[in-house]
Amino acid sequence: PWLRAMVLGANDGLVSTAALLAGVGAASKDLQALRLAGTAGLVAGALSMAVGEYVSVASQRDAEAADVHKEVLEQLKGPEARAHELAELAAIYEGRGVPPDLARAVAVALSEHDVVRAHARDELGIDVDELARPTQAAVVSFLTFSFGAAIPLLAASFIEDDLARALVTLAATTVGLLVFGLLGAYLGG
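Residues numbered from 1 in each chain as written. Predicted model: local features only at pLDDT ≥ 70, side-chain atom pairs only at ≥ 80, totals over all residues. Heavy atoms only, no water.

### Quick notes on the overall build of the chain
No. 1: Scanning the chain from terminus to terminus reveals six helices and zero strands.
No. 2: For the chain, whose C-alpha radius of gyration is 25 Å, the value lies well above the compact-globule estimate of 16 Å for 189 residues.
No. 3: Structurally, the chain occupies a C-alpha span of about 75 × 30 × 20 Å along its principal axes.
No. 4: Expressed as a percentage of its 189 residues, the buried residues of the chain come to 35%.
No. 5: The contacts in the chain between residues at least 6 apart in sequence include a share of 74% that link residues at least 24 apart.
No. 6: Roughly 10,600 Å² of accessible area belongs to the chain as shown, and the carbon and sulfur atoms make up 67% of that amount.
No. 7: If the 13 positive side-chain charges of the chain are averaged to one point and the 23 negative ones to another, these points end up 4 Å apart. (Helix = DSSP H or I, 4+ residues; strand = E, 2+ residues; numbered from the N terminus. Rg over C-alpha atoms; globule rule 2.2 N^0.38 Å. Buried < 20%, exposed > 50% of the residue type's maximum accessible area, 1.4 Å probe, protein only. Contact = heavy atoms within 4.5 Å. Areas by Shrake-Rupley, 256 points an atom, 1.4 Å probe, with all protein chains shown as cover. Lys, Arg positive; Asp, Glu negative; His and termini not counted. Charge placed at Lys NZ, Arg CZ, Asp CG, Glu CD.)

Shown next as structure tokens:
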């Protein structure tokens, strides 16, 4: 989730701030107004992205926790429910190409070790040790939006000539998108 927040935050900061600066620059020749609008856009955008990311990832975490809790409740229903859940887990392994006897043995072994963890991982695709982290995603989104927004803001803030400012902002934004794209691709493998 942090990589997604990083890429979205940085790119959104770059593009939205560059667009804001282009609009303000077209409407006014006042560099102070341009700087003020760009700074306000940076702060508002970073806060908006952070809050949005927090809410989104918190919802994801709540859904994951609810699904894990459902597995706990299934295990508490009694021996018949546990047998059904065990058969379900074995069927998952069979579906992955494990022979039936071995699939059942694996399901039994993993269930004896930690039945909820086994079902969460293999049935639901949830690693209970790596649930979504809303605060981490919000902080990453805030910082990367701010960093992305700072690139066109700094590029445009000190150039008096309208055409030169527009070209420098476009160039800085394009280079920023390229760098963030390469960084995201590298970190994402």
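Moving on from the model shown.
### What to know about the side chain of Thr173
No. 1: As for its position among the elements, Thr173 is in helix H6 (residues 162–187).
No. 2: The exposure class of Thr173 is buried, given its relative accessible area of 8%.
No. 3: Non-local contacts of Thr173, meaning those with residues more than four positions away in its chain, are made with Leu14, Ala18 and Pro152.

### Quick notes on the packing of helix H2 (residues 31–76) against helix H5 (residues 134–156)
No. 1: One way to put it is that H2 packs onto H5 with a least axis distance of 8 Å and a crossing angle of 160°. Comparing the axis directions of H2 and H5 gives the class roughly antiparallel. H2 and H5 meet at a crossing whose hand is right-handed.
No. 2: Here the residues of the contact of H2 with H5 sort into 19 nonpolar, seven polar and three charged. (Axes fitted to C-alpha atoms, helices over the stretch in contact; angles between N-to-C directions. Parallel < 35°, antiparallel > 145°, perpendicular 65-115°, else oblique. Left-handed = near helix turned anticlockwise from the far one by under 90°. Nonpolar A, V, L, I, M, F, W, Y, C, P; charged D, E, K, R; others polar.)

### A look at the pattern of salt bridges
No. 1: In this structure the tally under the stated criterion is seven salt bridges.
No. 2: Here Arg96 makes a salt bridge to Asp122, at a shortest N to O gap of 3.5 Å. One end of the pair, Arg96, is in the loop between helix H3 (79–95) and helix H4 (100–124); the other, Asp122, is in helix H4, and 26 residues separate them in sequence.
No. 3: Take Asp122: its relative accessible area is 12%, and that puts it in the buried class.
No. 4: Taking the shortest distance from any N to any O, the salt bridge between Asp122 and Arg121 comes out at 3.3 Å. (Salt bridge = Lys/Arg side-chain N within 4 Å of Asp/Glu carboxyl O.)

### Some remarks on the packing of aromatic side chains
No. 1: Tallied over the entire structure, the rule returns one aromatic pair.
No. 2: Ring centres 5.9 Å apart and planes at 75° place the aromatic pair Phe147 and Phe180 in the edge-to-face group. Residue Phe147 is located in helix H5, and its partner Phe180 is located in helix H6; the two are separated by 33 residues in the primary sequence.
No. 3: The class of Phe147 is exposed, set by a relative accessible area of 52%. (Phe/Tyr/Trp six-rings, centres within 6.5 Å; stacked < 30°, edge-to-face > 60°.)

### Structural notes on the nonpolar core
No. 1: By size, the foremost hydrophobic cluster in this structure holds 11 residues: Leu21, Val24, Leu31, Leu34, Leu42, Ala46, Met49, Phe145, Ala149, Leu153 and Ala156.
No. 2: Ranked by residue count, the leading element in this core is H2, at five residues.
No. 3: Setting aside chain neighbours within four positions, we find Met49 in contact with Leu8, Gly9, Asp12, Ser141 and Phe145. (Core = buried A, V, L, I, M, F, W, Y, C linked by side-chain atoms within 4.5 Å.)

### Some words on the side chain of Ser146
No. 1: Examined against the element boundaries, Ser146 turns out to sit in helix H5.
No. 2: Setting aside residues up to four positions removed in sequence, Ser146 forms contacts with Leu42 and Ala46.

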